[in-house]
There are 2 protein chains.
Amino acid sequence: MARKEVPSLVKDEKLIQKRRGEMIKAAVNLFKENGFHRTTTREIAKASGFSIGTLYEYIRSKEDILYLVCDSIYEGVREKLNEQIGMTEGSIDHVKKAIAVYFNVVDEMQDEVLVMYQEVKSLSREALPYVLKKELEMTAIFEELIKQTVEQGELDLCEEEVKLLAHNILVHGQMWTFRRWSLRKEYSLEEYTKMQTHLLLYGVKSKSFT
Amino acid sequence: MARKEVPSLVKDEKLIQKRRGEMIKAAVNLFKENGFHRTTTREIAKASGFSIGTLYEYIRSKEDILYLVCDSIYEGVREKLNEQIGMTEGSIDHVKKAIAVYFNVVDEMQDEVLVMYQEVKSLSREALPYVLKKELEMTAIFEELIKQTVEQGELDLCEEEVKLLAHNILVHGQMWTFRRWSLRKEYSLEEYTKMQTHLLLYGVKSKSFT
DNA sequence: TTGTACTGAGCGAACGCTCGGTCGATCCTT
DNA sequence: AAGGATCGACCGAGCGTTCGCTCAGTACAA
C-alpha cells in the first residue's frame, strides 16, 4: 500500500506537480475557512488561478483534492520533523527535544493540521486507509525513538506502553490545534510544551520541573 | 449564555420533546454512517418516522438538528457522569475512579461522542459557542475534582497544571473514540484505562503499576 | 499541422425548505 | 346531543438554487 496515485489527463509531470501545488494551497485556505463540504470546486479553481475545466484536467473528483491536501500536509509535517530530529541514539533528552520540535511544527502548520484533522473523515472508504497509514507512520517515529530510549536503559516500559505513549504525544500535538479555542487563552506554546512534556514524563505525583 | 432554545411551530411542548427525541436518535444514526453533510433532511425525516413537512414543524433549518444532536449528546454524557461520580471530597482514588467512569461512559456512547466530535465544526459561528461552553463545563468537572485533591494535600499542582490535566483527561477519553481504528486493535477498554491512568498520574519515569 | 493545455457555458441530479391542503380532535352554539 | 366552526399536527409535491462534472471549442507551442 504505497502512496495512492491520482491520475491526471495532463502529460507533463512537472506541470502536474506545479498545478496541484497551486490547487492544494488554494484548497487548504478555503477548507480552513469553510470546510470541505461548503467549499465548491469553482471556488478552488478560481483561487488556484485557473478555470473549472482545467481543474478537472488534474483530478478526477472533488474528493481527489481532499486526498491530495491530506497527503501534502502529512508530507509537510514529516519533512519538517525529519529536518530537525536527528535519529541517532535514544535518550530522554532526545525524546524531549523531539516533542518540542513536533509541537513547534504543529504550531507552525496549525491551520493545515486542523483542516486535515477535521476533514479526513470525509474521505471515501477507499482513500481513508492510505491517510490513516500516514498517521501510523508518524506514530511510529515516536514509537521508535522511545523504544530506543528504553533499550538504552533510560526508561522502563513494555511494548504496549511505548505505543500508547507515542499515541499520546501525537494527540497532544493535534490537541494544540483542535482545542486552541481554549488552550491558546491559557498557555503560550512554550508553556504548553513544557507542561505537557513534564506531565508526560513525570506525571503529577513527582514535582520537579526542569 | 444559557441553553439556546430552538423555536418550533408546534405548540404542545411535550410533543416537541417527543418528536425531537425521535429526530435526534435518527439523526445520530445517519450522521455516524454518512456524516452531517451527506445526510439529507428527507432521510432524517424518514428515519424519524414522519414526513419532511413535519420535520420542519420542529426545526427551522438542518443546522438546528445538528445543534440539538450535540446538545443531547452532551447532556447524555453529563447525566451518566453525574450518576456515577459522587463529588464529595477530592482524593487520588476519586480522580482515578472518575477517569474510569468517564472512559466507560465515552466507550458506551462512542458513536455519539465521535459524531459530535467530528461535526461540531459544521455549526454556525452563532451556535458554536453554546456547544464549546458545554465542553468547558465538562472540563470544569475534572478541574474541580483535581483542585480539591490538591487542597487535600494529595497532589502538588498549580492552577495551570490542574487545568491542563483536566483537558488531557477529556481528550484521552475522546481519543478512545477518534483513534479507535488503531487503539482498539491494541488495547481493551480496561487496559487502556489502566495504562492512561498510570501514565497520567505517574508518568513514564516511575514504574509502579497498582 | 498536430498535440496539448486550457476555457467556461451548460447539463442534470440533488437538496434545503415552503406552502397549500387534509383530517381528526376539540370547542361552541343551539 | 347534534351540527358546525376552529384548531393544529401532519403531509408531500414542487420550487429555486446549487454544485459536481463534462465537452465542444480555443490558444498556442513545436
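Look up: the structure comes first, before these words.
The model shown is predicted, which means the values in this text are computed figures rather than measured ones. Each chain has its residues counted from 1, running along the sequence as written. Naming scheme: in the order in which they are written, chains are lettered from A and ligands are numbered from 1. In keeping with the model being predicted, local features are shown solely for residues with a pLDDT of at least 70 and side-chain atom pairs are shown and tallied solely at 80 or more, while totals for entire chains, interfaces and linings include all residues. Computation of side-chain values covers all heavy atoms of the structure but excludes hydrogens and water.

*Asks:* So what exactly am I meant to see when it comes to the overall build of chain A here?
*Replies:* Only runs of H or I of at least four residues qualify as helices and only runs of E of at least two qualify as strands under DSSP, and these elements are numbered from the N terminus. Regarding its fold elements, chain A presents ten helices and zero strands. In chain A, the order of α-helices and β-strands from amino to carboxyl end is α-α-α-α-α-α-α-α-α-α. The 210 residues of chain A split such that 52% are buried. Note on definitions: a residue-residue contact is assigned when non-hydrogen atoms from the two residues lie within 4.5 Å. Considering only contacts within chain A whose residues lie at least 6 apart along the sequence, 70% involve residues at least 24 apart. Accessible area is worked out with a 1.4 Å probe on protein chains only. A residue is then buried under 20% of its type maximum, exposed over 50%, and partly exposed in between.

*Asks:* Would you mind going over the packing of helix α8 (residues 159-178) of chain A against helix α10 (residues 189-202) of chain B with me for this structure?
*Replies:* A pair of packed helices is characterised by two quantities: the angle between their axes and the separation of those axes. It is at 11 Å that the axes of α8 of chain A and α10 of chain B come closest, and there the two elements cross at 70°. Classed by the angle they form, the pair α8 of chain A and α10 of chain B counts as roughly perpendicular. Here the hand of the crossing between α8 of chain A and α10 of chain B comes out right-handed. In this structure, α8 of chain A uses E160, E161, L164, L165 and N168 of chain A to contact α10 of chain B, whose residues at the interface are Y192, M195, Q196 and L199 of chain B. Here the contact of α8 of chain A with α10 of chain B is composed, by residue class, of five nonpolar, two polar and two charged. Every axis in this analysis is a line fitted to C-alpha atoms, fitted for helices over the stretch in contact. Angles between the N-to-C directions lie between 0 and 180 degrees. Note that the term roughly parallel is reserved for angles under 35 degrees, roughly antiparallel for angles over 145, roughly perpendicular for angles of 65 to 115, and oblique for everything else. By the definition used in this description, the sense in which the near helix is turned from the far one sets the handedness, with an anticlockwise turn below a right angle giving left-handed and a clockwise turn giving right-handed. Residues were grouped as follows: Ala, Val, Leu, Ile, Met, Phe, Trp, Tyr, Cys and Pro as nonpolar; Asp, Glu, Lys and Arg as charged; and all remaining residues, including Gly, as polar.

*Asks:* Would you explain the protein's contact with DNA strand D in this entry?
*Replies:* If even one non-hydrogen atom of a residue comes within 4 Å of a molecule or strand, that residue is called near it. Close to DNA strand D lie 22 residues, the nearest being R42 and Y56 of chain A together with R19, T54 and Y58 of chain B. Atoms of DNA strand D within 4 Å of the protein belong to the sugar or the phosphate in 63% of instances, the rest to bases. R42 of chain A has a polar side-chain atom sitting 2.6 Å from a base oxygen of DNA strand D. Between DNA strand D and the protein, one listed contact pairs a phosphate oxygen with a side-chain N or O atom of T54 of chain B at 2.8 Å. Elements with a minimum of two residues in the surface near DNA strand D: α2 (41-48) and α3 (52-58) of chain A together with α1 (13-38) and α3 (52-58) of chain B. In terms of residue count, the dominant contributor to the surface near DNA strand D is α3 of chain B (five residues). A breakdown of the residues in the surface near DNA strand D according to their chemical character gives eight nonpolar, seven polar and seven charged. Each polar contact in these results corresponds to two N or O atoms within 3.5 Å; when the atoms are within protein, one needs to be able to donate a hydrogen and the other to accept it, and residues that are neighboring in sequence are counted only if both atoms are side-chain atoms.

*Asks:* Explain the protein's contact with DNA strand C here, please?
*Replies:* R19, T54 and Y58 of chain A together with Y56 and K62 of chain B are the nearest of the 21 residues found near DNA strand C. Near the protein, within 4 Å, the atoms of DNA strand C are sugar or phosphate in 64% of cases. The separation between a phosphate oxygen of DNA strand C and a polar main-chain atom of T41 of chain B is 2.9 Å. Within the contact set of DNA strand C, a base oxygen lies 2.8 Å away from a side-chain nitrogen or oxygen of R42 of chain B. Those elements that provide at least two residues to the surface near DNA strand C are α1 (13-38) and α3 of chain A together with α2 (41-48) and α3 of chain B. Looking at the surface near DNA strand C, the element that brings in the most residues is α3 of chain A, giving five residues. Class assignment for the residues of the surface near DNA strand C results in seven nonpolar, seven polar and seven charged.

*Asks:* Can you walk me through the interface of chain B and chain A in this structure?
*Replies:* When the parts come together, some accessible area is lost, and that loss is often what is quoted as the size of the interface. Taken together, the contact between chain B and chain A spans 48 residues of the former and 49 residues of the latter. Note on terms: buried area is the combined drop in 1.4 Å-probe accessible area of two parts once they are placed together, counting the loss on both. The junction of chain B with chain A conceals about 4,500 Å² of combined surface from both sides, 61% of it contributed by carbon and sulfur atoms. Salt bridge, as used here: a side-chain nitrogen of Lys or Arg that lies within 4 Å of a carboxyl oxygen of Asp or Glu. In this assembly, chain B and chain A are joined by four salt bridges. For E119 of chain A, the salt bridge identified is with K121 of chain B, shortest N-O distance 3.6 Å. If you look at where chain B meets chain A, you find 15 residue pairs in polar contact (both at pLDDT 80 or more). Listing elements by their share of the side of chain B that touches chain A, those giving two or more residues are α1, α6 (110-119), α7 (128-151), α8 (159-178), α9 (180-186) and α10 of chain B. When residues in the side of chain B that touches chain A are grouped by element, the largest group, 13 residues, is from α8 of chain B. Of the residues that constitute the side of chain B that touches chain A, the class distribution is 23 nonpolar, eleven polar and 14 charged.

*Asks:* Explain the packing of helix α4 (residues 62-84) of chain B against helix α5 (residues 92-108) of chain B to me, please; I cannot follow it from the model alone.
*Replies:* Residues and elements named next belong to chain B. With their axes 10 Å apart at the nearest point, α4 and α5 run at an angle of 145° to one another. The interaxial crossing formed by α4 with α5 has right-handed handedness. The residues of α5 that touch α4, namely those facing V77, K80, L81 and Q84, are K97, V101, Y102, V105 and E108. Of the residues in the contact of α4 with α5, the class split is five nonpolar, one polar and three charged.

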